[in-house]
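Examination of the molecular architecture
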Amino acid sequence: MNYRHAFHAGNFADVAKHLALVSVLSHLKKKETPFAVIDTHAGRGVYDLAGEAAARTGEAEAGVARLRDLTATEPSALATYLELASDAARYPGSPLIAARMLRPGDRLIAIEKHPEEFAALKTALYPFARARAVQGDGFALLAGLLPPQERRGLVLIDPPYESPDDFAAAARAVAAVMKRFATGIVMVWFPVKSKAEADGFCGEVLATGVTKALRIDVSVEPVKSGDKERLSSAGLLVINPPFGLDRDMTAAFDVAGPLLKARLDVMRLAGD
Ligand code: SAM
């Protein structure tokens, strides 16, 4: 395994992804009926921002650390996110954010393939009775979990894109969700290394029978890291987005964007 999220946890792209996650879950909680969250690529659940990996890249320093002095008080996605990420050393990944936001009837299934990351995930989720950590291939296990018995919820697809196959696998995963759980919310994270690749991926996903989709891109100024250019733009494709997600993200980035030196672009790709 080459990819380790510890190098990137809390960077600008994680902030946008986790803000969107908080917004989606807050909208799901507006109805009393229980929901399920399936996190196909969960990671380790908690990241040590004071550790060597975070220090080596400085990505969290240029990301969530810049929001530390913000005190958003209204019950917004930003306020909830800041509260969940308030421990300066232990940054919560997507499964821990979801686990903390579940109500007693809701459920989380968090899948992680790599043994070390899975062991950490299991420990992080241990206190949460409604959260289950599963070791395996999230792409392979997803179809068997659909539709969830709750018939409401979110599928988060956040692969490492270590291999170019991850784009095709992510598009196939969305197609599987559309076939078995057409009303489900799906959130797919993707890197934007080239406009053509990102646009092509979104087009491929839309062709799977999607009728409502929002694309949310977040970008920062490109930075050289060694001899490589660090990721400076990332996207989220949200299928069946809850009403108000675009407004939540825009409002959060009106405040957080200038601190992160990040720009948000929200595009409605399908539906109204
Ligand atoms: N979703 C996490 C978050 O926001 O905190 C970050 C996940 S990270 C981008 C991707 C994770 O997927 C890594 O921990 C990696 O070990 C794991 N992974 C890679 N291939 C996988 C697969 N086929 N199935 C499940 N997990 C996989």
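In the block above lies the structure referred to throughout.
Here the residue numbering is sequential within each chain, running from 1 through the sequence in written order. Reporting of local features is limited, given that this is a predicted model, to residues whose pLDDT is at least 70; pairs of side-chain atoms are given and counted only at 80 or more, and all residues count toward the totals for whole chains, interfaces and linings. Remark: hydrogens and water are excluded; side-chain values derive from all non-hydrogen atoms of the structure.

Digging into helix α8 (residues 195–206)
Only DSSP runs of H or I covering at least 4 residues are called helices, and only runs of E covering at least 2 are called strands; the numbering of each starts at the N terminus. Here the expected length of a helix is defined as 1.5 Å per residue gap, with one fewer gap than residues. The end-to-end C-alpha distance of α8 is 16 Å, a good match for the 16 Å that 12 residues give at a rise of 1.5 Å each. Those residues of α8 that sit buried are Ala198, Phe201, Cys202 and Val205. Buried residues of α8, viewed axially, fall in a sector of 95°; they line one side. Looking at the buried positions of α8, the neighbouring elements they touch are α7 (165–180), β7 (185–191), β8 (213–220), β11 (233–239) and β12 (262–270). Think of it in three bands: residues with accessible area under 20% of the maximum for their type are buried, residues over 50% are exposed, and the middle band is partly exposed, with areas taken using a 1.4 Å probe on protein chains only. Throughout, the arc means the angular range of directions from the helix axis out to the C-beta atoms. Any two residues having at least one pair of non-hydrogen atoms within 4.5 Å are treated as being in contact.

Here we look at the packing of helix α1 (residues 12–28) against helix α3 (residues 77–84)
Running from amino to carboxyl end, α1 crosses α3 at an angle of 115°, the nearest separation of the two axes being 9 Å. Considered as vectors, α1 and α3 are oriented roughly perpendicular to each other. As for how α1 packs across α3, the hand of that crossing is right-handed. Residue-level inspection shows Val15, His18, Leu19, Val22 and Ser23 of α1 in contact with α3, the latter providing Ala77, Leu78, Thr80, Tyr81 and Leu84. Residues are sorted three ways: Asp, Glu, Lys and Arg are charged, Ala, Val, Leu, Ile, Met, Phe, Trp, Tyr, Cys and Pro are nonpolar, and all the rest, Gly among them, are polar. The residue makeup of the contact of α1 with α3, split by class, is 7 nonpolar, 3 polar and no charged. To obtain an axis, a line is fitted to C-alpha atoms, over the contacting stretch when the element is a helix, and the angle between two such axes runs from 0 to 180 degrees between their N-to-C directions. Orientation labels follow simple angle bins: below 35 degrees gives roughly parallel, above 145 gives roughly antiparallel, 65 to 115 gives roughly perpendicular, and whatever is left gives oblique. Here a crossing is taken to be left-handed if its near helix is turned anticlockwise relative to the far helix by less than a right angle, and right-handed if that turn runs clockwise.

Quick notes on the layout of surface pockets
Lining residues are defined by having an atom within 4 Å of a point belonging to a cavity or pocket. Those points lie on a 1 Å grid over the protein atoms alone, cavities being sets where a 1.4 Å probe fits but cannot get out and pockets being open sets with protein on both sides within 12 Å along at least five of seven lines. Grid points are joined across faces, edges and corners, and a volume is the space filled by probe spheres set on the points. Of the voids in this model, the largest pocket is the one considered here, and its volume is about 1,300 Å³. If you trace the largest pocket, you find 48 residues lining it, with Tyr3, Arg4, His8, Pro160 and Glu162 closest to the centre. The element contributing the most residues to the lining of the largest pocket is α1, with 4 residues. Considering only residue class, the lining of the largest pocket consists of 15 nonpolar, 17 polar and 16 charged. The computed volume of the second largest pocket comes to approximately 280 Å³. As for the second largest pocket, its lining consists of His27, Leu28, Lys30, Lys31, Arg151, Arg152, Gly153, Thr183, Ile185, Asn240 and Pro242. Tallied by class, residues from the lining of the second largest pocket come to 3 nonpolar, 4 polar and 4 charged.

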